[in-house]
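A structural walkthrough
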Amino acid sequence: LMHRLVEEVKAQLTQWPGASVLGYGHVGDGNLHLNIVSPEAYPDLKAKIEPFVFEWVSNAKGSISAEHGLGQMKADAIYHTQSPLAVDVMRSIKRLLDPQQILNPYKMLPKG
């Protein structure tokens, strides 16, 4: 399944000359990291590829996450695969276990 996402992203990249994708991850937990590189900066590449990836992951019943948590730039991406209620539950658990917000700083859920 993960290999298919890499191949489908590769097919999407044909509109940006020289852009390529590398997929790597963790077989044990099913995490896949996509690394997209290009020889020049294409201002629209990220804006067009991210929605494609988020929709693909959602359709595959996957999730937008990381083993270390969501970073500042991707916090809202969780809503592509998780309901607002599920995110509220996650936020409650985080507050319960980390009331000082000192564990894994700068990895977060979207503001509630």
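The rules we used
Residues numbered from 1 in each chain as written. Predicted model: local features only at pLDDT ≥ 70, side-chain atom pairs only at ≥ 80, totals over all residues. Heavy atoms only, no water. Pairing = 2+ DSSP bridges. Helix = DSSP H or I, 4+ residues; strand = E, 2+ residues; numbered from the N terminus. Core = buried A, V, L, I, M, F, W, Y, C linked by side-chain atoms within 4.5 Å. Buried < 20%, exposed > 50% of the residue type's maximum accessible area, 1.4 Å probe, protein only. Contact = heavy atoms within 4.5 Å. Axes fitted to C-alpha atoms, helices over the stretch in contact; angles between N-to-C directions. Parallel < 35°, antiparallel > 145°, perpendicular 65-115°, else oblique. Left-handed = near helix turned anticlockwise from the far one by under 90°. Nonpolar A, V, L, I, M, F, W, Y, C, P; charged D, E, K, R; others polar. pLDDT = per-residue confidence, 0-100. Salt bridge = Lys/Arg side-chain N within 4 Å of Asp/Glu carboxyl O. Arc of directions from axis to C-beta.

**Describing the pairing of strand β1 (residues 20–26)**
- Of the strand pairs in this sheet, β1 and strand β2 (residues 31–37) are connected by 7 bridges, and their pairing is antiparallel. Bridging from a neighbouring strand, Gly-25 pairs with Leu-32 of β2.
- Count of turn residues in the β1/β2 antiparallel hairpin: 4 residues, of which Gly-30 carries a positive phi of about 75°.

**Digging into the nonpolar core**
- Formed by 16 residues in total, the largest nonpolar core has its most connected members in Val-9, Leu-13, Trp-16, Leu-45, Ile-49 and Val-57.
- Going through the elements one at a time, α1 (2–12) and α2 (45–59) are the ones with two or more residues in this core.
- If near-sequence neighbours (up to four positions away) are discounted, Leu-13 is found in contact with Ala-19, Ser-20, Val-21, Ile-36, Leu-45 and Ile-49.

**Some details on the environment of Leu-45**
- Among the structural elements, Leu-45 can be located in helix α2.
- In this structure the C-alpha to C-alpha distance between Leu-45 and Leu-109, which are 64 residues apart in sequence, comes to 25 Å.
- Contact partners of Leu-45, with chain neighbours within four places excluded, come to Leu-13, Trp-16, Ala-19 and Ile-36.

**Quick word on the packing of α1 against α2**
- Between α1 and α2, the shortest axis-to-axis distance is 11 Å and the interhelical angle comes to 150°. One element, α1, and the other, α2, form an angle in the roughly antiparallel class. Regarding α1 and α2, the two cross each other, and that crossing is right-handed. Of the residues in α2, those in contact with Arg-4, Leu-5, Glu-8, Val-9 and Gln-12 of α1 are Ile-49, Phe-52, Val-53, Trp-56 and Val-57.
- A breakdown of the residues in the contact of α1 with α2 according to their chemical character gives 7 nonpolar, 1 polar and 2 charged.

**A short note on the confidence of the model for the protein**
- Of the residues in the protein, 96% have a pLDDT of 70 or more, and the chain-wide mean is 87.
- Mean pLDDT across the elements of the protein bottoms out in β2 (89) and peaks in α1 (94).

**Focus: the pattern of salt bridges**
- Counted under the stated rule, the structure contains 4 salt bridges.
- Note that Lys-10 and Glu-7 form a salt bridge whose closest N and O atoms lie 3.6 Å from each other. Remark: Glu-7 and Lys-10 occur in helix α1; sequence separation between them is 3 residues, near one turn of the helix.
- With relative accessibility at 41%, the residue Lys-10 sits in the partly exposed group.
- Salt-bridge contacts for Asp-88 lead to Arg-91; the nearest nitrogen and oxygen are separated by 2.6 Å. In this pair, Asp-88 and Arg-91 both sit in helix α3 (residues 84–97), 3 residues apart, roughly one turn of the helix.

**Quick look at α1**
- Residues of α1 that are buried include every one of Leu-5, Val-6 and Val-9, and no others. Down the axis of α1, the smallest arc covering the buried residues is 100°, so these residues share one side.
- In this fold, the buried residues of α1 make contact with β1, β2 and α2.

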